[in-house]
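Architecture at a glance
Take a look at the letters that make up each chain.
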Amino acid sequence: MQFVYPTNLNLGPQSADGYHQELLRGLTHKLNNMLAIIQGFSSLILMNDDLDPGVLENMQHIKEASVNISGLSERIRAAGGCAKVTLQPLNLNEYIAVVGASFQDPFSKNGVAFDLEVSPALPSVLVDPTKLKELLVEILKNAAESVQRTGGRALMQVHGPGVISPASERLVDILISNTGSSITPEKQSEIYRPFTGTKNSNHLGLGLTIAAMLCHQMNIRLGVNSQDNTTTFWVSVPIA
């Protein structure tokens, strides 16, 4: 099975310490500080029981927009390679037992079927636990939205060394598949680029860019294969 990798993103240095990363990190930090002021004062205003209904509605919109912008700021930081990553050994079986509900959430929200298969006695991997969850959820959200549109199914499988990758490569492989549609070969080489999604205007097309950048920062291999109405993302995580 041939997989396509995000080689066209110009991901930059593994340490993400370049000038543009520092600039982006600083700008988003300043932006979040200003947003915190807007959120704080809007919350104070909303505590006034005597507000005109029209003013009340407008302030609620302002607060909601500031919260959404704050969330977008964090996604831009991750997509730009500015996320702080701290690698540590992680027991995957215990980890998935704790965060597995987060993997189910995108499918529950879209009302579609999702199965999770985890091999027992997996070796520990070297990752940032928070960022591993973030990148997997980005891929799972993409799969859930695709399945919701096509009526297919989704499956996440976690295998130890030697099942998918050769045992000598010392990798744990995570496969996330969804049925019901295919991505053309031309599109496969572009899906990791920002703002290239085909969804509606509520989606900025950053999810797979964030996943690719986090994989790059954690030395995780990420690929995609799509054929015969099935799309599979392959995440290969190094053993600790």
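Provided above is the structure to which this section pertains.
Residues numbered from 1 in each chain as written. Predicted model: local features only at pLDDT ≥ 70, side-chain atom pairs only at ≥ 80, totals over all residues. Heavy atoms only, no water.

1. A look at the nonpolar core
The test is simple: What is meant by a nonpolar core is a set of buried Ala, Val, Leu, Ile, Met, Phe, Trp, Tyr and Cys residues, joined one to another through side-chain atoms within 4.5 Å. To sort residues, take the accessible area from a 1.4 Å probe on protein chains only and compare it with the maximum for the residue type: under 20% means buried, over 50% means exposed, and anything in between is partly exposed. The numbering of helices and of strands both runs from the N terminus, where a helix is a DSSP run of H or I of at least 4 residues and a strand a run of E of at least 2. The contact rule is simple, with two residues in contact once any of their heavy atoms fall within 4.5 Å.
Counting residues in each nonpolar core, the largest one holds 47 residues, and the members touching the most others are Leu-92 and Leu-135. Counting residues per element, this core draws most heavily on helix H4 (residues 129-150), at nine residues. Apart from the residues within four sequence positions on either side, Leu-135 is in contact with Ala-211, Leu-214, Cys-215, Met-218, Ile-220 and Val-235.

2. So, the pattern of salt bridges
We count it as follows: What counts as a salt bridge is simple: a side-chain nitrogen of Lys or Arg found within 4 Å of a carboxyl oxygen of Asp or Glu.
The final tally for this structure, using the stated rule, is four salt bridges. Where Glu-138 meets Lys-141, a salt bridge forms, and the shortest distance between an N and an O atom there is 3.9 Å. Of this pair, Glu-138 and Lys-141 both sit in helix H4, three residues apart, which is roughly one turn of the helix. According to the relative accessible area criterion, Glu-138 is buried, its value standing at 7%.

3. Quick notes on H4
What counts is decided by this rule: The length a helix should cover is 1.5 Å for every residue beyond the first. Definition of a polar contact: a pair of N or O atoms within 3.5 Å, with one able to donate and the other able to accept a hydrogen when the atoms are protein atoms, and with sequence-neighbouring residues admitted only if both atoms are side-chain atoms.
In this model, H4 (22 residues) spans 32 Å end to end at C-alpha, consistent with the 32 Å of a helix rising 1.5 Å per residue. Here H4 starts with a cap whose side-chain oxygen sits 3.0 Å from the backbone nitrogen of Thr-130, and that cap is Asp-128. Positive phi shows up at Gly-151, right after H4, with a value of about 80°.

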